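# Secondary and tertiary structure notes
For reference, the chains in residue letters:
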Amino acid sequence: MDRVLHLGPLVLPWMLLVLLGAWQLGTMVHERLAARRGLTGGPHGWRLPLVALIAARLGFVLRYADLYASAPVAVLDIRDGGWSPWAGLGAALLYVALLWLRRSPWRQSATAGLATFAGVWLLGWGVLQATAPREQATLPSWQGVALDARTVALPELKGQPVVVNLWASWCPPCRREMPVMLEAREAQSPLSPQSQVRFLWVNQGEPPETVARFAAQQRLPAADVLLDSAGQLGSALGHKALPTTLFYDRHGRLAAVRVGELSAATLAQHLALISGHSAP
């Protein structure tokens, strides 16, 4: 589950901050050890993280190759947050192994830098896991009026997986991810109603006429677009950044939170956590 740091309007995932810190420390260790051996200007300080970064992205893309096939340019759009950390680490280990096979003068400093990075990264991940709330969050006690004038109470939706999307019409990434979520909703099989995911688009802070007009343009189902003119749900959940998408399993337990735009692949990755189906 994504844990984030709020700095005013800026929202930063803690795991990203840990990753960047680990990378900086690893690079510093590599460069200092290389300098002690009289080595300067080596290329591995930038090549090694670049190889790991590319491998982490490709690892995720290959896992969801069918979803990227229809829009290959989306592979370059890293804003969707689609990464395979273990693929990146594996590529980095292979890179260092090749340095040893070739007896590169930078092999020891590169190994020390990678070891520092991996150690800090894993330690940071462990701390985040250890400090995570012990009690799993559940569907909040909130209800809203849908565009079809019906009242939808979130606690009453237990029994089926639920996706709650916090959005606004003025938010560009919110608008970009709408077709992706709508397509995923429509692609569900009607033959297995118990495994169908309920998608709810909860508008934050806009008047009903604005929401209705936008929903009609996007062909969103009126029964699943809820009004929250005061932004109460986002405040109650502690998520004011838009878009934010929360994924609840059929028991009403929060399984994942995605802050930022979803692609078809990252949406499929998160839906696998609550739908009972394994990701490809």
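Quick note: structure is the one above.
An account of the accompanying structure is given in this report. (Residues numbered from 1 in each chain as written. Predicted model: local features only at pLDDT ≥ 70, side-chain atom pairs only at ≥ 80, totals over all residues. Heavy atoms only, no water.)

### Some points on the overall build of the protein
Test applied: Working definition: helices are DSSP H or I runs of at least four residues, strands are E runs of at least two. Numbering for both runs from the N terminus. Note on exposure labels: buried denotes an accessible area under 20% of the residue type's maximum, exposed denotes more than 50%, and partly exposed covers the range between, all computed with a 1.4 Å probe on protein chains only. All accessible-area figures derive from a Shrake-Rupley calculation using a 1.4 Å probe, and residue coverage is judged against the displayed protein chains alone.
Each helix and strand counted, the protein has nine helices and nine strands in total. Burial analysis of the protein (280 residues in total) assigns 41% to the buried set. For the protein, the computed accessible surface area is about 15100 Å², with 61% contributed by carbon and sulfur atoms.

### Section: the pairing of strand β8 (residues 244-248)
Filter applied, for reference: Only strands that DSSP links by at least two bridges are regarded as paired with each other.
The buried fraction of β8 amounts to five of the five residues, a majority that puts the element mostly inside the structure. The alternating pattern of β8 places T244, L246 and Y248 and T245 and F247 on opposite faces, both of which are buried. In terms of strand pairing, strand β5 (residues 162-167) meets β8 through five bridges, oriented antiparallel. In the sheet register, N165 faces β8, and the bridge partner there is T245. Linkage of β8 to strand β9 (residues 254-259), two consecutive antiparallel strands, is achieved through a turn of five residues, within which G252 is found at a positive phi near 85 degrees.

### A short note on unusual backbone geometry
Leave glycine aside and you will find that most residues have negative phi; peptide bonds, for their part, are mostly trans. Residue P243 is reached from L242 by a cis peptide bond, and omega for that bond is -5 degrees. The topology assignment puts P243 in the loop between α8 (232-237) and β8. Despite not being glycine, A149 shows a phi value in the positive range, around 75 degrees. Given the relative accessible area of 62%, A149 is considered exposed.

### Observations concerning the side chain of Q204
Where we set the bar: Identification of polar contacts relies on pairs of N or O atoms within 3.5 Å, with a donor-acceptor requirement for protein atoms, meaning one able to donate a hydrogen and the other able to accept it, and with residues adjacent in sequence counted only if both atoms are side-chain atoms.
Residue placement: Q204 occurs in strand β6 (residues 198-204). Engagement of the side chain of Q204 in a polar contact is seen with the backbone oxygen of V202, the distance being 3.5 Å.

### Description of the pattern of salt bridges
Formally: What makes a salt bridge here is a side-chain nitrogen of Lys or Arg within 4 Å of a carboxyl oxygen of Asp or Glu, nothing more.
Within this structure, the stated rule accounts for six salt bridges. Among the salt bridges present, the one from D80 reaches R57, with a minimum N-O distance of 2.9 Å. Of the two residues, D80 is situated in the loop between α3 (65-69) and α4 (85-101) and R57 in helix α2 (residues 44-63); the sequence distance between them amounts to 23 residues. The salt bridge involving D148 is made with R150; its shortest N-O contact spans 3.7 Å. The partly exposed category is assigned to D148, whose relative accessible area is 29%. Here R150 falls in the exposed class, since its relative accessible area comes to 59%.

### Some words on the sheet that holds strand β3 (residues 143-146)
Where we set the bar: Only the contacting stretch of a helix is used when fitting its axis, a line to C-alpha atoms as for every element, and angles between N-to-C directions run 0 to 180 degrees.
Spatially, the seven strands line up as an open sheet ordered β4-β3-β7-β6-β5-β8-β9, and their pairing is mixed. In this open sheet, the two edge strands, each paired with only one partner strand, are β4 (151-153) and β9. Direction aside, neighbouring strands of the sheet carry axes that sit 30 degrees apart on average. Sheet topology places β8 next to β9; five bridges connect them, and they run antiparallel. Of the residues in β9, the one forming a bridge with L246 is V257.

### So, the packing of aromatic side chains
To keep it simple, the criterion reads: Only rings of Phe, Tyr and Trp enter the pairing, Trp through its six-membered ring, and a pair is recorded when the two centres are within 6.5 Å. The plane angle decides the type: under 30 degrees is stacked, over 60 is edge-to-face, the rest tilted. By definition here, charges over rings are those cases where NZ of Lys or CZ of Arg is within 6 Å of the ring centre and within 35 degrees of the ring normal.
Applying the stated criterion across every chain yields a total of six aromatic pairs. Measuring from centroid to centroid gives 6.4 Å for F60 and Y68, while their planes differ by 75 degrees, and the two rings are edge-to-face. There is no split in this pair, since F60 and Y68 are both buried. Ring geometry for W86 versus W121: centroids 5.4 Å apart, planes at 50 degrees, classification tilted. Taken as a pair, W86 in helix α4 and W121 in helix α5 (residues 107-130) lie far apart in primary sequence, 35 residues in all. Since its relative accessible area comes to 57%, W86 is described here as exposed. Here a set of aromatic residues connected by ring pairs shows up, and it is made of F60, Y64 and Y68. Here the basic side chain of R57 rests over the ring of W83, its NZ or CZ set 5.9 Å away from the ring centre.

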